[in-house]
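Results of the structural survey
Below, each chain spelled out in residue letters.
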Amino acid sequence: MTRIIQLTDTHVVCPPNKVSGVLDTLALFEDAITKIEQDLEKLGHVDAIIVTGDITDHGDVESYDAFKAVIRRLGIPYFVIPGNHDLRSSMHHCFENLKPATSEEINWVKHFPDLDIIGLDTVIPGQGGGRLSPTALAFLEHALTNHPDKPALIAMHHPPFASGIQFMDAIGLEGADGMAEILEKSPREVRIICGHLHNSIVSTIGGATVLSSPATASSFLTDHRSDAPVGFTQDPGGYMLHEWNKGFRSTYLPLTSSGQLYPF
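Here is a short report on the structure shown in this document. Given the structure is predicted, the values throughout are model-derived calculations rather than measurements.

As a further point, take the pairing of strand 4 (residues 108-112). Burial along strand 4 is one-sided: the face carrying Trp108, Lys110 and Phe112 is buried and the face carrying Val109 and His111 is not. For strand 4 and strand 5 (residues 115-119), the ladder comprises five bridges, and the chain directions are antiparallel. Paired with Lys110 across the bridge in strand 5 is Ile117. Between strand 4 and strand 5, which pair antiparallel one after the other, the connecting turn spans two residues.

This is the structure:
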């Protein structure tokens with residue numbers, strides 16, 4: 001069984017800075033890692049962690065270094081892809097395993113015995129919205145062509161679906177139709193995971209299930225009204241555990257402590 005933790009939208013900034021003047025995101029991330037350390041006593045072995053973008057809020061090297069110092073407490077290999085708040089140049093400087101071959105985009109494949117993980121870069125520099133570029137789509141198609149009998153977990157920042165949260169859909173993803181076409185042709189069993197929405201939503205694309213994960217930094221309301229307020233809450237977020245064992249299983253885990261356990 002391959003077991004992968006997904007974290008997303010940590011938006012780390014270094015004190016005394018706070019995101020939007022409110023969120024001490026480094027402290028929130030430290031609390032999240034403490035909770036995950038406790039959860040691992042019950043969950044058991046985890047093979048890797050994927051962080052699906054917006055690792056920092058401003059893309060500065062100092063914040064990436066702070067992020068690394070905290071996540072290393074878990075002692076688990078971790079892989080990152082950029083979100084719209086990240087800077088590729090800083091990520092290449094700070095994460096030694098990011099070595100682009102033909103593009104500055106951060107697209108990669110990691111092979112596990114019974115599962116491939118494909119990381120896709122959806123960033124448009126300087127913009128909140130994202131795009132699956134021709135380079136990213138070609139990378140995905142090639143990655144899925146290899147080992148066609150293995151399942152694949154695809155990780156990206158921007159969701160390839162409309163969430164109904166209108167201020168987020170306004171900075172959604174271009175190129176999802178191209179992704180759907182590739183997925184429909186692939187014989188692989190695929191699950192897609194993403195961030196960006198600070199909310200847990202399940203959808204489909206190209207015959208594959210896609211899930212957005214809650215964030216560690218803040219939460220966005222599920223409010224589909226055209227005049228819905230734009231902003232975030234400090235409601236506790238969470239993270240996801242994705243497993244492959246003759247099929248995919250994805251579990252939401254909250255970042256709040258459990259209440260009292262009552263016997264049946």
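What follows covers helix 4 (residues 134-145). A rise of 1.5 Å per residue sets the reference length of helix 4, with its twelve residues, at 16 Å; its end C-alpha atoms lie 16 Å apart and thus fit the reference within 8%. Turning to helix 4, its buried residues are Ala136, Leu137, Leu140, Ala143 and Leu144. Viewed along the axis of helix 4, the buried residues span an arc of 130 degrees, placing them on a single side of the element. Turned more than 90 degrees away from the buried face of helix 4, the exposed residues are Pro134, His142 and Thr145. Against the buried residues of helix 4 lie strand 4, strand 5, strand 7 (152-155), helix 6 (176-185) and strand 9 (190-194). Following helix 4 by one or two positions, His147 has its phi on the positive side, about 50 degrees.

Before going further, it helps to spend a moment on the nonpolar core. Soluble, globular proteins show a tendency: their nonpolar side chains are buried together. If you look at the biggest cluster of nonpolar residues, it comprises 46 residues, and the most contacted ones within it are Ile5, Leu7, Ile49, Phe67, Val80 and Phe95. Broken down by element, the residue count for this core peaks at six residues, all from helix 1 (residues 25-43).

In this section: the side chain of Asp57. Positionally, Asp57 belongs in the loop between strand 2 (48-52) and helix 2 (61-71). One buried charge, Asp57, has no salt-bridge partner; the nearest side chain with opposite charge is Lys18, at 14 Å. Once residues lying within four places of it in the same chain are set aside, the contact partners of Asp57 are His11, Val12, Val13, Val19 and His85.

All right, on to helix 1 then. Helix length check: helix 1 (19 residues) gives 25 Å between terminal C-alpha atoms against 27 Å at 1.5 Å per residue, within 8%. When helix 1 is considered as a whole, its buried residues turn out to be Thr25, Leu26, Phe29, Ala32, Ile33, Lys35, Ile36, Asp39 and Leu40. Contact partners of the buried residues in helix 1: strand 1 (2-7), helix 2, strand 12 (238-244) and strand 13 (248-254). Downstream of helix 1 by a residue or two, Gly44 has a phi angle that is positive, lying close to 85 degrees.

Attention now goes to the pattern of salt bridges. Within the structure shown, the criterion is met by eleven salt bridges. With a shortest N-O distance of 3.2 Å, Lys185 and Glu141 are connected by a salt bridge. Note that Lys185 is positioned in helix 6 and Glu141 in helix 4, a separation of 44 residues in sequence. Judged by its relative accessible area of 60%, Lys185 is exposed. Arg225 is the partner of Asp223 in a salt bridge, and the nearest nitrogen-oxygen pair spans 2.6 Å. Here Asp223 falls in the buried class, since its relative accessible area comes to 14%. In this structure Arg225 comes out as partly exposed when scored by relative accessible area, which is 49%. Through salt bridges with shared partners, one network takes in Arg3, Glu243 and Arg249.

A separate point is unusual backbone geometry. Residue Pro16 is reached from Pro15 by a cis peptide bond, and omega for that bond is 10 degrees. If you trace the backbone, Pro16 turns up in the loop between strand 1 and helix 1. Residues other than glycine seldom take positive phi values, yet His11 does so here, at roughly 50 degrees.

So, about the pairing of strand 1. Taking burial as the measure, the six residues of strand 1 include six buried ones, the bulk of the element. Burial along strand 1 is two-sided: Thr2, Ile4 and Gln6 facing one way and Arg3, Ile5 and Leu7 facing the other are all buried. Note: strand 1 against strand 12, five bridges, orientation antiparallel. Across the sheet, Gln6 pairs through a bridge with Met240, a residue of strand 12. As defined by bridge partners, strand 1 adjoins strand 2 across four bridges and the pair is classed as parallel. From the neighbouring strand, Leu7 faces strand 2, where its bridge partner is Val51. Between strand 1 and its parallel partner strand 2, the chain crosses via helix 1, and the hand of that crossover is right-handed.

Reading the values: rules and limits
- Residues numbered from 1 in each chain as written.
- Predicted model: local features only at pLDDT ≥ 70, side-chain atom pairs only at ≥ 80, totals over all residues.
- Heavy atoms only, no water.
- Buried < 20%, exposed > 50% of the residue type's maximum accessible area, 1.4 Å probe, protein only.
- Helix = DSSP H or I, 4+ residues; strand = E, 2+ residues; numbered from the N terminus.
- Pairing = 2+ DSSP bridges.
- Expected span 1.5 Å × (residues − 1).
- Arc of directions from axis to C-beta.
- Contact = heavy atoms within 4.5 Å.
- Core = buried A, V, L, I, M, F, W, Y, C linked by side-chain atoms within 4.5 Å.
- Lys, Arg positive; Asp, Glu negative; His and termini not counted.
- Salt bridge = Lys/Arg side-chain N within 4 Å of Asp/Glu carboxyl O.
- Right-handed = clockwise from strand over helix to strand, strands pointing away.

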